[in-house]
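Residue strings, one per chain:
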There are 2 protein chains.
Amino acid sequence: MLGKGEFGRIRDLLTPLSGKGAFDLKDDAGVISGIPGHEIVVTTDTIVAGVHFLGSESPEEIAAKLLRVNLSDLAAMGTKPICYTLNWSLPSSYGDEWVTSFCAGLKVQQEAFGIYLLGGDSTSTPGPACLTATLFGHVPRGQILRRVGTKLGETIFVSGTIGDGALGLLATKGMLTDLDEVLVQKLIGRYRIPEPRIRLGIALRGRASAVADISDGLLADIGHLAELKGLGAEVNMAEIPLSCEARNALAKNGELWQVIVGGGDDYELVFTGEQNLADLLLNVGVNITAIGKITAEPSVRLVGPDGNIMPVNKEGYCHS
Amino acid sequence: MLGKGEFGRIRDLLTPLSGKGAFDLKDDAGVISGIPGHEIVVTTDTIVAGVHFLGSESPEEIAAKLLRVNLSDLAAMGTKPICYTLNWSLPSSYGDEWVTSFCAGLKVQQEAFGIYLLGGDSTSTPGPACLTATLFGHVPRGQILRRVGTKLGETIFVSGTIGDGALGLLATKGMLTDLDEVLVQKLIGRYRIPEPRIRLGIALRGRASAVADISDGLLADIGHLAELKGLGAEVNMAEIPLSCEARNALAKNGELWQVIVGGGDDYELVFTGEQNLADLLLNVGVNITAIGKITAEPSVRLVGPDGNIMPVNKEGYCHS
């Protein structure tokens, strides 16, 4: 390997990112001490060039997305993040410049979320870049939030606004050309750098009956929560919170509502609980909106403003 | 994706491998409870098709190697394994048959080492298969074994026999043709399925001053231990324990000693301590051999049977 080589990259770029229990990355393992009365939560995601990122993103944006999709999983479990391990398999075309920028991006995210690097592995690959992050957090014993647990008649809530991630993905592919460029860039930003709802997740401990982050699509993720208890859901289209950008996109092309309810990548939280749950969530840094109910009939139905069921494309329910 | 699809593979093949805290793989994270007075040790390795495995291995062998190289890292830290996460990025040519055999291989290793699957991520890739395992174990607080800590004058020990991994790699490449086929197959087996020295690692707690597993090569890994304290080492060629297969290979080609001391992939433990340390390690399931001393002169020297320093190829010291 030309340039710094594996040891040089570890010493110069990764060791400064490491923290407690990482032993300056001089050993082949790291240590998490844990907190009495707490459990360690583990989540992991892999992203592959050409599949999960498209090549036009900056190394800093890729670093941000890699950590944030994992942090969003921790948020959905009501977990406070601690640290992470990183595995990268990089083709030789990813030189020291790319790696240096990528590590600068990791540092920004570490500071934003109070986490540090515990360890990892770096290898070469003859194929596309393949990046895995494994995130660790802690949660008081017995208070972890789960997908399973929703009950008949409970209210369905979402955080933030829905559809921006999927619209942002369309925009990165040049498919929202009739929208103002400023709005396009905001949607692309939402797709590339999601906002993990850590504070909300912690506030939901002991309050929400079931929680997921919206990665597969709003209706698909609601479907997962309901199916785990043999239940269904009814969602009111008019209640789904939309950003100014999404409203503008929808005004230009009325068919985009399919993308908003079916696309993924929002990384907002969807959760169920008592009707007054939103009143208890005023200081979590994000708006909470009630959008529907858990029902006995085992399917997810989207109710339009006119009260009729809207015919949703199948891709809103599939995941492969 | 044709065949089972992601959800089908999780339900049919991976969920049966999961254990406590994995929530049947129905959530995006798993939980490790920890043991009072213990720390959680984390290690991770990635293997890429065409780089770390060659394509001729069976899925079961790939599963074995992936878990065992990580278990070897835990062994070197004196850690008892608990569970693991698995990330696979597979090209479409790896169908259900490959995945089914790979999971059968994971099951065999899980039973051999008393571990279970905690979670993971599965993605597709347009490139070569890329597999990451992250292993978790526990160790009593403050008793973790480290690479750093060796002292001047201490004895250097190794477990098992040295060089079989590197000779096995040569054999898989068809480069040991003059050796008996039975011996060739045994060496290939040592390369493909290393033996993590878990019991030895646990027995070394509080006894060894520094420990590593031999993955880069005997002299390189001894060099790492010594360098961390600004020291060097003297290793006696005649004391290095060799298998019957390695002795036969060496008898056919005297130059192979360079491969034995310079090649990697043995996954035996190398460690330093008091001269009588081996006497305390009689019930660890593997032979322990003293092979040299830690010295003040900061380099690793190999002393031949005639007492002269042997000229070692540079690749014995490099790692990229």
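Residues numbered from 1 in each chain as written. Chains lettered and ligands numbered in written order. Predicted model: local features only at pLDDT ≥ 70, side-chain atom pairs only at ≥ 80, totals over all residues. Heavy atoms only, no water.

What follows is about the interface of chain B and chain A. The interface is formed by 53 residues belonging to chain B together with 53 residues belonging to chain A. Interface area for chain B against chain A, summed over the two sides, is near 4300 Å², with a carbon-plus-sulfur share of 56%. Broken down residue by residue, the surface that chain B buries against chain A is led by D27(B), D28(B) and V42(B), which jointly contribute 13%. Here R146(A) and D27(B) are joined by a salt bridge, their closest N and O atoms 2.7 Å apart. Among the elements that take part in the side of chain B that touches chain A, strand β2 (residues 38–48) of chain B stands out by supplying ten residues, more than any other. Considered class by class, the residues forming the side of chain B that touches chain A number 20 nonpolar, 20 polar and 13 charged. Here strand β1 (residues 30–32) of chain A pairs with β2(B) via three bridges, running antiparallel. Bridge assignment links V31(A) to a residue of β2(B), and that residue is V41(B). (Contact = heavy atoms within 4.5 Å. Buried area = accessible area lost by both parts, 1.4 Å probe. Salt bridge = Lys/Arg side-chain N within 4 Å of Asp/Glu carboxyl O. Helix = DSSP H or I, 4+ residues; strand = E, 2+ residues; numbered from the N terminus. Nonpolar A, V, L, I, M, F, W, Y, C, P; charged D, E, K, R; others polar. Pairing = 2+ DSSP bridges.)

Right, let's get into the pattern of salt bridges. Tallied over the entire structure, the rule returns 28 salt bridges over all chains. Measuring nitrogen to oxygen at the nearest pair gives 3.0 Å for the salt bridge that ties R9(B) to D96(B). Taken together, the residues span a long stretch of sequence, with R9(B) in helix α1 (residues 5–14) and D96(B) in helix α3 (residues 96–113) at a distance of 87 residues. As far as burial versus exposure is concerned, R9(B) and D96(B) are alike and both buried. Here E245(B) and K186(B) are joined by a salt bridge, their closest N and O atoms 3.7 Å apart. Of this pair, E245(B) sits in helix α8 (residues 244–252) while K186(B) sits in helix α5 (residues 181–192); the two residues are 59 residues apart in sequence, bridging distant segments of the chain. Given a relative accessible area of 11%, E245(B) falls into the buried group. Through salt bridges with shared partners, one network takes in D164(A), R190(A), R197(A) and E268(A). (Buried < 20%, exposed > 50% of the residue type's maximum accessible area, 1.4 Å probe, protein only.)

Residue and element names in this part refer to chain A. Here R192 lies in helix α5 (residues 181–192). Its relative accessible area of 14% is what places R192 among the buried residues. Once you skip the residues sitting within four places of it in the chain, R192 turns out to touch S56, E57, E61, K65 and T172.

For the rest of this paragraph, the subject is the pairing of strand β3 (residues 80–90) of chain A. Residues and elements named next belong to chain A. Burial analysis of β3 places ten of its eleven residues in the buried class, which makes it a mostly covered element. Here β3 pairs with strand β5 (residues 130–140) via nine bridges, running antiparallel. When the sheet's bridge partners are listed, W88 is paired in β5 with L131. Note that β3 and strand β4 (residues 116–124) share eight bridges and pair parallel. Its bridge partner being in β4, W88 is matched across the sheet by S122. Once you follow β3 into helix α3 (residues 96–113) and on to β4, the crossover reads as right-handed. (Right-handed = clockwise from strand over helix to strand, strands pointing away.)

Another aspect to go through is the packing of aromatic side chains. Two numbers describe a pair of aromatic rings. These are the distance of the centres and the angle of the planes. Under the defined criterion, the tally for this structure stands at nine aromatic pairs over all chains. Measuring from ring centre to ring centre gives 6.1 Å for W88(B) and F102(B), while their planes differ by 75°; the resulting arrangement is edge-to-face. With a gap of 14 residues between them, W88(B) in strand β3 (residues 80–90) and F102(B) in helix α3 connect regions that are remote in the sequence. The exposure classification of W88(B) matches that of F102(B), with both residues buried. Measuring from centroid to centroid gives 5.0 Å for W98(B) and F102(B), while their planes differ by 15°, and the two rings are stacked. With W98(B) and F102(B) both in helix α3 and four residues apart, the pair spans about one turn of that helix. The burial state of W98(B) is the same as that of F102(B); both residues are buried. An aromatic cluster is defined as three or more aromatic residues linked by ring pairs; in this entry it consists of W88(A), Y94(A), W98(A) and F102(A). Between the NZ or CZ atom of R146(A) and the centre of the ring of F23(B), over which it lies, the distance is 3.8 Å. (Phe/Tyr/Trp six-rings, centres within 6.5 Å; stacked < 30°, edge-to-face > 60°. Lys NZ or Arg CZ within 6 Å of the ring centre and 35° of its normal.)

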